[in-house]
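Overview (structure and organization)
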Number of protein chains: 2
Amino acid sequence: MTTQRRVLIETMQEAKEHLDVSSLLALARKREPGIDRATVYRTIEKLKKFGLVDELDLMHMNGEKHYYEVKPKRDHVHLACLQCGQVEEFSSPLFEQLKREITEQTGFEILVTRLEVGGRCSVCRNSNKR
Amino acid sequence: MTTQRRVLIETMQEAKEHLDVSSLLALARKREPGIDRATVYRTIEKLKKFGLVDELDLMHMNGEKHYYEVKPKRDHVHLACLQCGQVEEFSSPLFEQLKREITEQTGFEILVTRLEVGGRCSVCRNSNKR
DNA sequence: TGCTTGTTGCGACTAAGTCGCATCTAGAAG
DNA sequence: CTTCTAGATGCGACTTAGTCGCAACAAGCA
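I will try to describe carefully the structure that is included in this document. This is a predicted model, so every value here is computed, not measured.

Rules used throughout
Residues numbered from 1 in each chain as written. Chains lettered and ligands numbered in written order. Predicted model: local features only at pLDDT ≥ 70, side-chain atom pairs only at ≥ 80, totals over all residues. Heavy atoms only, no water. Helix = DSSP H or I, 4+ residues; strand = E, 2+ residues; numbered from the N terminus. Contact = heavy atoms within 4.5 Å. Areas by Shrake-Rupley, 256 points an atom, 1.4 Å probe, with all protein chains shown as cover. Lys, Arg positive; Asp, Glu negative; His and termini not counted. Charge placed at Lys NZ, Arg CZ, Asp CG, Glu CD. Buried area = accessible area lost by both parts, 1.4 Å probe. Salt bridge = Lys/Arg side-chain N within 4 Å of Asp/Glu carboxyl O. Polar contact = N/O pair within 3.5 Å; in protein donor to acceptor, adjacent residues only side chain to side chain. Pairing = 2+ DSSP bridges.

1. Here we look at the overall build of chain A
Scanning chain A for helices and strands turns up five helices and six strands. Going from the N terminus to the C terminus, chain A shows its helices and strands as α-β-α-α-β-β-β-β-α-β-α. Each of the three principal axes of chain A carries a C-alpha extent, and together these read 50 × 45 × 20 Å. Looking at chain A alone, contacts between residues at least 24 apart form 43% of all its contacts between residues at least 6 apart. In the form shown here, chain A has an accessible surface area of approximately 7300 Å², with 50% of it arising from carbon and sulfur atoms. When the 22 positive and 20 negative side-chain charges of chain A are each reduced to one mean point, those points stand 3 Å apart.

Written out as structure tokens, the structure reads:
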């Protein structure tokens, strides 16, 4: 457990939005200026492997970046509005049930899941009906 | 509707596995040698926008490529085995029900979905227990 | 306090994807 | 059948994301 890793984990925990690598790096550098891009990638890699963070694409709304969040207790869906860019989260027992069904019917052991949805959020739907 | 687009679409339809951009390009060039990488990207972009193809990441098993498939009638889950690299598909009424629930409860209009699962397939689980 | 193993920073590199621009072509209009 | 034009293509240069080897460094155990 090095200073850099501690800083990165704290930064992710305190962030209220999903961070991509470059904003995570920028924020982390406010605390620990010398921290390197490669360290961020290597740390994320480890955290993913240990199941401590989840990786998101958010439907590639802004280029090909990846976003990260500390793994929640309960998996949730990310609803990405393709119009305004807002990201909502949604969780449901149905999702848990679906995962159970997958394991039962296919024998596949689930380690990570990623359910992303792209579309239009209710705000955008109301502001411009079409 | 240009020759290039026709070739790209046919290539995707006839492929039995999920293609990334470079293998799609390679296959398409067997029919239409001059076809360019930029054209592939631009065509995929259009096809995504029209809802004719789906984009997959397959949990980034082999680098950061994206994979494409012609959009199926019924959305399905991709189960990517992190050990052997095999990709299974799975569809279920529960998934449809979950999508309906999302729309009802959040007012979010769903245009695309992507549900990917990473783990160990039944074959790998049996061959090496744990 | 010293030692060892794993981590970091650095810089150079690869791979994925984008863009501007000149040329070309599909297919509508005459 | 010929002409015309909007939109598509090919090309090449570029950007951005992510990786890697290596020497220097630090965590934390003895």
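2. Things to note about the interface of chain A and chain B
Contacts between the two partners involve 40 residues from chain A and, on the opposite side, 40 residues from chain B. Carbon and sulfur atoms make up 64% of the surface buried where chain A meets chain B, a total of about 3500 Å² over both sides. If you sort the residues of chain A by the area they bury against chain B, L94, F108 and R114 of chain A come out on top, with a joint share of 19%. Viewed at the interface, chain B and chain A are joined by four salt bridges. The shortest N-O distance in the salt bridge between E109 of chain A and R120 of chain B comes to 2.6 Å. Our count for the contact surface shared by chain A and chain B stands at 20 residue pairs in polar contact (both at pLDDT 80 or more). The dominant element in the side of chain A that touches chain B, judged by the number of residues it contributes, is strand β6 (residues 109–120) of chain A, at twelve residues. Pairing between β6 of chain A and strand β6 (residues 109–120) of chain B: eleven bridges, direction antiparallel.

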